[in-house]
Amino acid sequence: MKSSSNYQHLYVVVEHEDGMPVPVSLEMLGEARRLMDGFNKKYSSDEKVVAVVLGHNVRKLCEELIFYGADVVICVDSPELQHMRNLIDTKVISQIARSRELVAKFSNASEFIKPRYMFFAADSIGRHMSSTVLAELESGLASDINKLVISDLEIKHEHKTKGQSMKYEKTLEMYRPDFSGFLWTTILCLDNRNPANEREYHPQACSIIPGVFAQIERDTSRRGAIVEYVPKFDEKDLRVRVLDRKIVKSAVDFDSHKAVVSFGKGVKDSPEQNIKLVAELAKEIEAEVGISLPISKKPFSVSESTNSNYMIPDRVVGTSGRKVAPLLYIAVGISGAMQHIAGMKESGFIVAINPDENSPIKDECDVFIKGRMEDVIPLLLEELRKQRPTIEVKK
Amino acid sequence: MTATTTTTNDLNVAVIVKLEPDFSEGNVSYNADGTLNRAETKSILGPHSAIASNAAFYAKVKYGARVAVGTMGPPIAESALQQAQLLCDADELHLYSDRIFAGADTLATAEVLRAGISKVEGGKVDVVFSGHRASDGETGQTGPQTAWKLGYTFLGNVVDYNVDLESRLVRAKRLISLQGFYDIIEEVEAPLPVFISIDPSYKAFFNTVSQRLAFEKYQKEAKLRAENYKQFLKVLNTQQLGIDPKLVGLPGSPTIVYKVERIPKAKASRKAEVIDGANREQIARVVSNMYEALGGMVIK
């Protein structure tokens, strides 16, 4: 077995738009800071949080990242890297991950081979970037992580350890909520120690769900190093050309509405009619309509217009969709999986409509209306119309 | 690995698909604790695989492309190939099946798919399509990792694409959502071969009369072919695919599932008042609270 200094530091691949960091980038740095502070204390070591930035005119951003928790920022500044392109970015990030010269600029790199850990964002850019980078680095990747722990684990695995019990130090436990939102799966990236097929797998890498981890408070007294890297481009690595970029607004607009009405699997008894009821309720209070994650998998057959209007990923509230915080949130027929709660718990006043008093949503709302939506919503509509403010005084 | 492509005006496309649990009502079964009951749940061609198949059919209708569909899985995964054939009128169906593929993570799966696609049309596939993500695993990693291993340019979240057969260029529109930021529609151009993962919002449009006629012709053909799908089916194992067994299945997987647990219930963050949904008076009070929350005032 090789010594552990072959694999050092935690690299965070930062995403930004024209130098403005995407929020998840700062969240990843925050979690990286907390993890590595604990790591260095526990193992009496001095491994770094290394932010990796690709872009053009990004010097200012690099300085900011230090205030948000990075010890080192590896900065690649080139007009060719202005917009994220999977092919060239994967090549550059992989070069960086393998560069001993870079590491030598901020720590002892004599035995360095690759990073110990690596973080990416679980969004449209990072999901694919993490996949291709880890295919290039030939190591393991877990997606959509919302909890991370570093620990020494006793592992007994059919293949990895050939059924023997073995200790794996400094292992990153990567927790991901499954599609139901009720189960947590812990993924590990482990070296093969099976004598039939010994192999080292580093970095241990994951993509991180936006909006889960807290960024650390910006601290301008924090110090760190910015290391410039000049990448080697091959003409054929630049073969994708960006012709045009347009900013678009989603047809679903949670932000400018004061209220959100979301529905979940509870519409199942008569989906078409119940979704219409929910829509009517939303219209009455000028709310945007949200859904829980399972609805986006189109579990019911409904009319084409209901399907394409409502059962779409854009409407998902939760860690797999949007985070919302309206003044009023109404959850209709939603049981309250953690992944949904995380997307709406900051709302002002929360009302749940549900026949089952044991649903987890009960612990996350201000008013729990016990009953079937078929019965409750018409009553609500009636009262809403009766009490409709004649004069609305805006705050 | 160097990617090769055809030099004529022909277009060869491949689709990789997956057999997944059917999450539709009546077919899906949940345990009492809200988790999926896999034993009782039926399997179908995954919804994102279906969209990828539609994108391949577009290539058939518009460019007369030859289409191959591949999947990794046990023999039962044939049914995913059959369902995909019905959607895209596939000329070939490939099932990559071997006991040693079991337990694969995304990297080990990508190795099998890489080898599989290299076998199609003598390795001369111009465009490979995959779905956005599987509805059970949900990683979205297998497509891009297969692309990388093939040495193909990867284009993700593609909502629209066209191929220029003369210049061998693809033009595609990609939908990029950055959480907490705006969305971006990006138009890109790349030389063949490319690997496209199709965005869930993709829809094919056929504008001209000749395209509509071709659409109907191939749709009829697809129905006939899918009824006799076994005639189009090839089953390939490790040896036939020429794969190093150390790179697939458990041996080729860097990651393992260490444990699965129920997500612990968070401490109640709010103290709910429970209202009887049939009690008009109580409902009236809730409505008044709702208006208050919205910042309005009721003037009587």
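Nothing here was measured: the structure is a model prediction, and the numbers come from that model.

What counts and what doesn't
Residues numbered from 1 in each chain as written. Chains lettered and ligands numbered in written order. Predicted model: local features only at pLDDT ≥ 70, side-chain atom pairs only at ≥ 80, totals over all residues. Helix = DSSP H or I, 4+ residues; strand = E, 2+ residues; numbered from the N terminus. Contact = placed C-beta atoms within 7 Å. Buried ≥ 20, exposed ≤ 12 C-beta atoms within 10 Å, placed from the backbone. Axes fitted to C-alpha atoms, helices over the stretch in contact; angles between N-to-C directions. Parallel < 35°, antiparallel > 145°, perpendicular 65-115°, else oblique. Left-handed = near helix turned anticlockwise from the far one by under 90°. Nonpolar A, V, L, I, M, F, W, Y, C, P; charged D, E, K, R; others polar. Pairing = 2+ DSSP bridges. Core = buried A, V, L, I, M, F, W, Y, C linked by C-beta atoms within 7 Å. Expected span 1.5 Å × (residues − 1). Domains from an automatic or database assignment.

Asks: Break down the overall build of chain A for me, with residues and values.
Replies: Within chain A one finds 10 helices and 18 strands. When the backbone C-alpha atoms are referred to their principal axes, chain A occupies close to 75 × 50 × 40 Å. Sequence-distant contacts in chain A: of pairs separated by 6 or more residues, those separated by 24 or more amount to 66%.

Asks: Explain the overall build of chain B residue by residue, including any values.
Replies: A count of helical and extended segments in chain B gives seven helices and 13 strands. Along the three orthogonal principal directions, the C-alpha set of chain B runs to about 80 × 50 × 40 Å. Here chain B, with 300 residues, has 49% of them falling under the buried criterion. Here the analysis covers contacts within chain B between residues at least 6 apart in sequence; of these, 74% occur between residues at least 24 apart.

Asks: Quick rundown of the packing of helix α5 (residues 126–137) of chain A against helix α4 (residues 142–150) of chain B? Include the residues and the values.
Replies: The packing of two helices is summarised by the inter-axis angle and the distance between the axes. Interhelical geometry of α5(A) versus α4(B) gives an angle of 40° and a closest axis separation of 8 Å. Between α5(A) and α4(B), the angle falls in the class oblique. Regarding α5(A) and α4(B), the two cross each other, and that crossing is right-handed. Residues His128(A), Ser131(A), Thr132(A), Ala135(A) and Glu136(A) of α5(A) form the contact with α4(B), whose own contacting residues are Pro144(B), Gln145(B), Trp148(B) and Lys149(B). Looking at the contact of α5(A) with α4(B) residue by residue, the classes come out as three nonpolar, four polar and two charged.

Asks: Quick one: what's the story with the interface of chain B and chain A, residue by residue and with numbers?
Replies: Of the residues lining the interface, 85 residues belong to chain B; the matching set on chain A comes to 99 residues. Counting only elements with at least two residues in the side of chain B that touches chain A, the list comes to α3 (106–119), α4, β7 (153–164), β8 (169–177), β9 (183–191), β12 (255–262), β13 (273–276) and α7 (280–293) of chain B. Per-element tally for the side of chain B that touches chain A: the top contributor is α7(B), with 10 residues. Of the residues that constitute the side of chain B that touches chain A, the class distribution is 44 nonpolar, 22 polar and 19 charged. In this structure, strand β18 (residues 367–370) of chain A lies alongside β13(B), joined through four bridges in parallel fashion. Note on β13(B): the bridge partner recorded for Val367(A) is Glu273(B).

Asks: Give a detailed account of the nonpolar core, specifying residues and quantitative values.
Replies: Nonpolar side chains tend to gather and get buried jointly when the protein is soluble and globular. Counting residues in each nonpolar core, the largest one holds 146 residues, and the members touching the most others are Val12(A), Val52(A), Val53(A), Leu65(A), Ile208(A) and Val15(B). At eight residues, helix α1 (residues 47–63) of chain B tops the list of elements feeding residues into this core.

Asks: Which residues make up helix α2 (residues 78–88) of chain B, and what values go with them?
Replies: For an α-helix, the turn length of 3.6 residues means that residues three or four places apart are oriented alike. All names here are of chain B. Most of α2 sits inside the fold, with nine of its 11 residues counted as buried. Inspection of α2 places Ala-80, Leu-81, Gln-82, Gln-83, Ala-84, Gln-85, Leu-86, Leu-87 and Cys-88 among the buried residues, and these make up the whole buried set. Asp-89 occupies a position one or two residues after α2 and carries a positive phi of about 55°.

Asks: Could you give an account of helix α10 (residues 373–387) of chain A, with specific residues and numbers?
Replies: Between its first and last C-alpha, α10(A) extends 20 Å over 15 residues, near the 21 Å set by a 1.5 Å rise per residue. Of the surrounding secondary structure, the elements contacted by the buried residues of α10(A) are α6 (271–284), β16 (328–332), β17 (349–354) and β18 of chain A together with α7 of chain B.

Asks: Outline the sheet that holds strand β8 (residues 147–156) of chain A, supporting the account with residue identities and numerical values.
Replies: The four strands are arranged β8(A)-β9(A)-β10(A)-β12(B) in an open sheet whose pairing can be described as antiparallel. Looking at which strands have only one partner, the edges of the open sheet turn out to be β8 of chain A together with β12 of chain B. On average, adjacent strands in this sheet sit at an angle of 35° to one another, irrespective of strand direction. Pairing analysis gives nine bridges linking β8(A) to strand β9 (residues 165–177) of chain A, with the strands arranged antiparallel. Considered in β9(A), the bridge of Ile155(A) is made with Met166(A).

Asks: Describe the domain arrangement of chain A, and please don't skip the residues or the numbers.
Replies: All names here are of chain A. Looking at the assigned domains, one finds that chain A contains domain 1 (4–238) and domain 2 (259–387). Centre-to-centre separation of domain 1 and domain 2, based on C-alpha positions: 37 Å. The interface of domain 1 with domain 2 comprises eight residues on the first partner and seven residues on the second.

Asks: Explain the sheet that holds strand β14 (residues 259–263) of chain A to me, and be specific about the residues and the numbers.
Replies: If you walk across this open sheet you meet the six strands as β15(A)-β14(A)-β16(A)-β17(A)-β18(A)-β13(B), and the pairing is parallel. The strands lining the two open edges of the sheet, one partner per strand, are β15 (288–291) of chain A together with β13 of chain B. The mean angle between the axes of side-by-side strands here comes to 20°, regardless of whether they run parallel or antiparallel. Strand contacts of α6(A): β14, β15 and β16 of chain A, with the helix running at about 175° to β14(A), the strand carrying the most contacts. Lying over the sheet, α7(B) contacts β16, β17 and β18 of chain A together with β13 of chain B, oriented at roughly 145° with respect to β17(A).

Asks: Outline the packing of α1(B) against α2(B), listing residues and values.
Replies: Residues and elements named next belong to chain B. Interaxial distance between α1 and α2 falls to 8 Å at its minimum, and their mutual angle equals 40°. As summarised for this structure, α1 and α2 are arranged oblique, according to the angle between their axes. Handedness of the crossing formed by α1 with α2: right-handed. Across the interface between the two elements, Ser-49, Ala-50, Ser-53, Asn-54, Ala-56, Phe-57 and Lys-60 from α1 touch Ala-80, Ala-84, Leu-87 and Cys-88 from α2. A breakdown of the residues in the contact of α1 with α2 according to their chemical character gives seven nonpolar, three polar and one charged.

Asks: Requested: an account of the environment of Arg59(A), with residues and values cited.
Replies: All names here are of chain A. By the secondary structure assignment, Arg-59 is in helix α2 (residues 59–67). Look at Arg-59 and you get partly exposed, because 15 C-beta atoms sit within 10 Å. Between the C-alpha atom of Arg-59 and that of Arg-34, which follows or precedes it by 25 residues, the distance is 25 Å.

Asks: Kindly report on unusual backbone geometry, identifying the contributing residues and their values.
Replies: A cis amide bond links His202(A) with the next residue in sequence, Pro203(A), at an omega value of 0°. Tracing the sequence through the fold places Pro203(A) in the loop between β10 (183–189) and β11 (204–208). Residue Pro193(B) is bonded to the preceding Leu192(B) through a cis peptide linkage, with omega at 0°. By the secondary structure assignment, Pro193(B) is in the loop between β9 and β10 (194–198). A positive phi angle is found at His9(A), which is not glycine, with a value near 75°. By secondary structure assignment, the location of His9(A) is in strand β1 (residues 7–13). A residue is classified by how many C-beta atoms lie within 10 Å of it, and His9(A), with 24 of them, is buried. Look at Ser44(A): it is not a glycine, yet its phi comes out positive at around 45°.

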